[in-house]
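Secondary and tertiary structure notes
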Amino acid sequence: MRRGTQVVEDGGEMPNLILSVGGMTCGSCEDSIQRAVSLVEGVRSVRADHRTGRVDVEADSGVGVEALREAVEDAGYDLEGATGAGRS
Ligand code: 9UX
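Position numbers for residues start from 1 in each chain and track the written sequence from start to end. Only residues with pLDDT of at least 70 get local features here, since the model is predicted, and only at 80 or more are side-chain atom pairs given and counted; chain-wide, interface and lining totals rely on the full set of residues.

1. Points about the overall build of the protein
Put simply, the test is: Numbered from the N terminus, helices here are DSSP runs of H or I no shorter than four residues, and strands are runs of E no shorter than two. With C-beta atoms placed from the backbone, the exposure class of a residue follows from how many other C-beta atoms lie within 10 Å of its own: 20 or more, buried; 12 or fewer, exposed; in between, partly exposed. A residue pair is marked as a contact if its C-beta atoms, positioned from the backbone, fall within 7 Å.
Helix and strand content of the protein: 2 helices and 4 strands. Listing each helix as α and each strand as β along the protein from the N terminus yields β-α-β-β-α-β. Across the 88 residues in the protein, those meeting the buried criterion constitute 27%. At a minimum sequence separation of 6, the contacts of the protein that also span at least 24 residues come to 61%.

Following this line, the structure appears as structure tokens:
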């Protein structure tokens with residue numbers, strides 16, 4: 001399954017940033033978000049869920065929320081909140 005709550009696999013890392021994104025209403029929106037956020041330098045993985053608006057991101061510590069906001073907004077969605085390391 002591509003969608004749904006992220007399962008952290010053995011040896012995997014926990015998401016260190018959790019974004020709340022508005023405007024995702026279907027699975028293709030998830031793909032758009034994942035593509036956009038994955039292109040931000042320092043992002044290692046991203047998993048979006050349009051049902052909850054939650055986007056889990058694993059990123060290097062230097063990645064700030066404003067870079068993620070730019071990616072989300074340029075893709076046509078709204079960044080409504082963010083928690084976790086890398087906040088700036
Ligand atoms: Mo789905 Mo999302 O038809 O911007 S791609 S609503």
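Having seen the structure, we can now continue with the description.
2. Observations concerning the sheet that holds strand E3 (residues 54-59)
Just so we agree on the cut-off: Pairing between strands is defined by DSSP: at least two bridges between them are needed. Inter-axis angles, ranging from 0 to 180 degrees, are taken between N-to-C directions of lines fitted to C-alpha atoms, where helices are fitted over the stretch in contact.
Taking strand neighbours across the sheet as the criterion, the 4 strands line up as E2-E3-E1-E4 in an open arrangement whose pairing is antiparallel. In the strand order of this sheet, the two ends are held by strand E2 (43-49) and strand E4 (78-84), each with one partner. Between one strand and the next, the sheet's axes are offset by a mean angle of 20°, whatever the strand orientation. In this structure, E2 lies alongside E3, joined through 6 bridges in antiparallel fashion. Bridge pairing links Val46 to Val57 in E3.

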